[in-house]
Amino acid sequence: MEQKVALASWFISDTKNLFLKYLRMTVRMPMWTFFGLIQPLLWLIIFGQLFQSLSQLPGFPEGGYIYFLTPGIIVMTVLFGSSWSGVNLLRDLTHGVMEKLLVAPVSRSAIVLSRLLHNGFTVMVQVFLLVLVAAPLGAGFPKGAGLFWIWVATLLLAVGFSAVSNALAMILKREEPLVVMGNMLTLPLLFFSPALMPVEFLPEWIRAASRINPATYGVDAVRACYQGALLRPFWISMLVLFLFSTISVLSAISIFNQDRS
């Protein structure tokens, strides 16, 4: 029992120290965090103007298109921010940074988890800034404790997709196919969800595909936070996001340990 407690304490300590190390590196280059906001903001402004007349169709949710679109753009920020996580891992492997960590007395699982948490935290900062910018454009602010739960939902989604990206990086071993696969996954995941259009307006086959898309549950959770409707569907979405994140992280850690053994 004491040995398990010691191992758990070692793992937590290593995760925290590595997370703080990556965080300090990000603080030294804060512009990368702001650059990650440019594309979501362009989509919010352009799509918001381009499709604003859709909100006048019968059956469209109330509040205007910007209000409807903002949760989808938040999830898009998560998808795009997470898809590059594996590229950073590959670069560390290529330049020998990872080899130095592996010979140090550091938990291998902590090496993976700290990277995923760092990426999730970076995405949470971008989401916070996006919420602030979207509010005066017509989105308003999340109701009640909505902002907190948006952070939780986006953290789970970011960690989960970062884990998928890292797992693909360790399987593919090359940056070019990883970037191609990341681009191939992010846009379909976005379009096969109610991010840009109400699910009732989607073709039946896309509606069916959206039910197994983690991004769908991220959009639903964030949208519920804006509406202040933290009811049963919201908690179901949060449960799905938690399971997706947990399974993805455990898979990434397992692949990393096998690959480095």
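I will try to describe carefully the structure that is included in this document.

Cut-offs and rules
Residues numbered from 1 in each chain as written. Predicted model: local features only at pLDDT ≥ 70, side-chain atom pairs only at ≥ 80, totals over all residues. Heavy atoms only, no water. Phe/Tyr/Trp six-rings, centres within 6.5 Å; stacked < 30°, edge-to-face > 60°. Helix = DSSP H or I, 4+ residues; strand = E, 2+ residues; numbered from the N terminus. Buried < 20%, exposed > 50% of the residue type's maximum accessible area, 1.4 Å probe, protein only. Axes fitted to C-alpha atoms, helices over the stretch in contact; angles between N-to-C directions. Parallel < 35°, antiparallel > 145°, perpendicular 65-115°, else oblique. Left-handed = near helix turned anticlockwise from the far one by under 90°. Contact = heavy atoms within 4.5 Å. Nonpolar A, V, L, I, M, F, W, Y, C, P; charged D, E, K, R; others polar. Core = buried A, V, L, I, M, F, W, Y, C linked by side-chain atoms within 4.5 Å. Salt bridge = Lys/Arg side-chain N within 4 Å of Asp/Glu carboxyl O. Expected span 1.5 Å × (residues − 1). Patch = residues over 30% accessible without salt bridge, like charges linked within 9 Å, V, L, I, M, F, W, Y side chains within 5 Å. Areas by Shrake-Rupley, 256 points an atom, 1.4 Å probe, with all protein chains shown as cover.

This part is about the packing of aromatic side chains. Inspection of the entire model under this criterion finds 15 aromatic pairs. A centroid spacing of 5.0 Å and a plane angle of 15° characterise the contact between Trp-43 and Phe-47, whose relative ring orientation is stacked. Taken together, the residues Trp-43 and Phe-47, both in helix H2 (residues 31-50) and four residues apart, mark about one turn of the helix. For the residue pair Trp-43 and Phe-47, the accessibility class agrees, reading buried in each case. Aromatic pair Phe-192 and Trp-205: ring centres 5.5 Å apart, planes at 75°, arrangement edge-to-face. Note that Phe-192 is positioned in the loop between helix H8 (175-191) and helix H9 (204-210) and Trp-205 in helix H9, a separation of 13 residues in sequence. We classify Phe-192 as partly exposed; its relative accessible area is 27%. Every member of this aromatic cluster is reached through a ring pair, and the members are Phe-60, Tyr-65, Phe-68 and Phe-201.

The next thing to look at is the packing of helix H3 (residues 65-83) against helix H7 (residues 146-172). Where H3 meets H7, the axes come as close as 8 Å, and the angle between the chain directions of the two elements is 30°. What the angle tells us is that H3 and H7 run roughly parallel. The crossing of H3 and H7 is right-handed. Each of Ile-74, Val-75, Val-78, Leu-79, Ser-82 and Ser-83 in H3 lies in contact with H7, whose residues at this interface are Thr-154, Leu-157, Ala-158, Phe-161, Ser-162 and Ser-165. Considering only residue class, the contact of H3 with H7 consists of seven nonpolar, five polar and no charged.

The geometry of a pair of packed helices is captured by two quantities: the angle between their axes and the separation between those axes. Interhelical geometry of H3 versus helix H6 (residues 108-139) gives an angle of 160° and a closest axis separation of 10 Å. Judged by the inter-axis angle, H3 sits roughly antiparallel to H6. Between H3 and H6 lies a crossing whose hand is right-handed. Only Asn-119, Val-123, Gln-126, Val-127, Leu-130, Val-131, Ala-134, Leu-137, Gly-138 and Ala-139 of H6 make contact with H3, whose side of the interface consists of Ile-66, Tyr-67, Thr-70, Ile-73, Ile-74, Thr-77, Val-78, Gly-81 and Ser-82.

Moving on to the nonpolar core. Counting 45 residues, the largest nonpolar core has Tyr-226 and Leu-241 as its most contacted members. Put simply, the parts of the chain that give this core at least two residues each are H2, H3, H6, H7, helix H10 (214-227) and helix H11 (232-260). The element that contributes the greatest number of residues to this core is H3, accounting for 12 residues. Among all residues touching Tyr-226, those that are not within four sequence positions of it are Tyr-67, Thr-70, Pro-71, Ile-74, Val-131, Ala-139, Gly-140, Phe-141, Pro-142, Lys-143 and Ile-150. Counting 21 residues, the second largest nonpolar core, distinct from the first, contains Tyr-22, Leu-101, Ile-111 and Ala-169.

Let us look at the pattern of salt bridges. Between side chains of opposite charge, pairing is possible as soon as their charged atoms come close. Under the criterion given, the structure shown has one salt bridge. In this structure, Glu-204 engages Arg-207 in a salt bridge whose closest nitrogen and oxygen atoms are separated by 3.6 Å. Pair noted here: Glu-204 and Arg-207 are both in helix H9, with a separation of three residues, about one helical turn. According to the relative accessible area criterion, Glu-204 is partly exposed, its value standing at 49%.

If you check H7, its first and last C-alpha atoms are 38 Å apart, about what 27 residues at 1.5 Å a residue would give, namely 39 Å. Phi turns positive, to about 70°, at Lys-173, one or two residues after H7.

This brings us to a nonpolar patch on the surface. A cluster of nonpolar side chains, namely Ile-38, Leu-42, Ile-45, Ile-46, Leu-50, Phe-128, Leu-132, Val-133, Leu-137 and Phe-141, defines an oily patch on the protein surface of about 890 Å² accessible area. Residue contributions to the nonpolar patch peak at five residues, all from H2. Tracing the backbone shows Ile-46 in helix H2. The class for Ile-46 is partly exposed, based on a relative accessible area of 49%.

What follows concerns the environment of Asn-257. Along the chain, Asn-257 turns up in helix H11. Distance in space between the C-alpha atoms of Asn-257 and Val-112 is 9.5 Å, their sequence separation being 145 residues. Once residues lying within four places of it in the same chain are set aside, the contact partners of Asn-257 are Arg-108 and Ser-109.

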